[in-house]
Amino acid sequence: MIVKIDDPNSHLLCVKALKEKKIVIIPTDTIYGFSGIVPDTEESILQIKKRCIEKKMIRLIAEPSDVSLYTDQKIPDVFLKKWPGALTLIVKSKEDGESVAIRCPAFEWLRTIIKEVGKPIFSTSVNISGKKYFTSIKEISKAFDKKVSLIIDAGELNTLPSTVLDLTYDQPLILRRGSVSV
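An account of the accompanying structure is given in this report. What you are looking at is a predicted structure, and each value in this text was computed from that prediction instead of being measured. (Residues numbered from 1 in each chain as written. Predicted model: local features only at pLDDT ≥ 70, side-chain atom pairs only at ≥ 80, totals over all residues. Heavy atoms only, no water.)

Our focus in this paragraph is the nonpolar core. Formed by 22 residues in total, the largest nonpolar core has its most connected members in Cys14, Ile26 and Ile121. Broken down by secondary-structure element, the contributors of at least two residues to this core are helix H1 (10–19), strand S2 (24–27), strand S4 (58–60), helix H4 (108–117) and strand S8 (150–153). Top contributing element to this core by residue count: H4, with 5 residues. Ignoring sequence-local partners within four residues, the contact set of Ile121 consists of Leu18, Ile26, Ser35, Gly36, Ile37, Val38, Ile58, Arg59, Leu60, Leu110 and Ile114. Among the nonpolar cores identified, the runner-up in size contains 17 residues, and Ile23, Tyr32, Phe34 and Leu46 belong to it. (Core = buried A, V, L, I, M, F, W, Y, C linked by side-chain atoms within 4.5 Å. Buried < 20%, exposed > 50% of the residue type's maximum accessible area, 1.4 Å probe, protein only. Helix = DSSP H or I, 4+ residues; strand = E, 2+ residues; numbered from the N terminus. Contact = heavy atoms within 4.5 Å.)

So, in structure tokens, the structure goes:
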């Protein structure tokens, strides 16, 4: 099902689908992403994308302060000041010490959804792994309409993905240059 973002029910439909552990395609403050509730939908998203399990997905959080729920690592203020925004930070997980990619998006519609779901949600570009990500709903629908429960249409999204910064080393390491400069 495709629903326009300005439909008054778009956010309610998205929250409902996510709480039911379904996969949705939603706009972010950068590009369209496959999303699902963490950790329950990881395998399903990876299957749709034909992506290997070793490639971790970004976890979107509702508020910058929520990062402390997932890591004990001290995040330098210079980077926290970029949130909400298109900066993904890779930190060490509280849970198992492994690295985890976290982002607090600037898109209020999306942050409201995350708050209402009550858990972080995965976000990964809408594409087949290794291919260019899709920017139009027409392309997205043709490729994935039958594989996801809901697609939220926000029109053409022709922006850069988030900048990815790894903070698990002694010095921050830029893994992907994107829409935020660091």
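If a strand is regular, its side chains alternate between the two faces of the sheet. Going residue by residue along strand S9 (residues 163–166), you find Thr163 and Leu165 tucked away on one face and Val164 and Asp166 tucked away on the opposite face as well. Of the pairings in the sheet, the one linking S9 to strand S10 (residues 173–176) comprises 3 bridges and is antiparallel in character. In the sheet register, Asp166 faces S10, and the bridge partner there is Leu173. (Pairing = 2+ DSSP bridges.)

Geometrically, the link from Val38 to Pro39 is a cis peptide bond, its omega value of -5° lying close to zero. Note on placement: Pro39 falls in the loop between strand S3 (32–35) and helix H2 (42–49). In this chain, Trp83 is followed by Pro84 through a cis amide linkage whose omega measures -10°. Mapped onto the elements of the fold, Pro84 is located in the loop between helix H3 (77–80) and strand S5 (87–92). With a phi angle near 65°, Lys21 is a residue other than glycine that sits in the positive phi range.

Bringing the pairing of strand S7 (residues 121–125) into the picture now. The buried count for S7 comes to 5 of 5 residues, which makes it a mostly enclosed element. Burial of S7 is two-sided: the residues Ile121, Ser123 and Ser125 facing one way and the residues Phe122 and Thr124 facing the other way are all buried. Pairing of S3 with S7 involves 2 bridges; the strand directions are antiparallel. The residue bridging Phe34 from the neighbouring strand is Thr124, located in S7. Two elements, S4 and S7, share 3 bridges in a ladder whose sense is antiparallel. Counted as the bridge partner of Ile58 is Ser123 from S7.

By themselves, these figures tell us nothing about what the structure is for.
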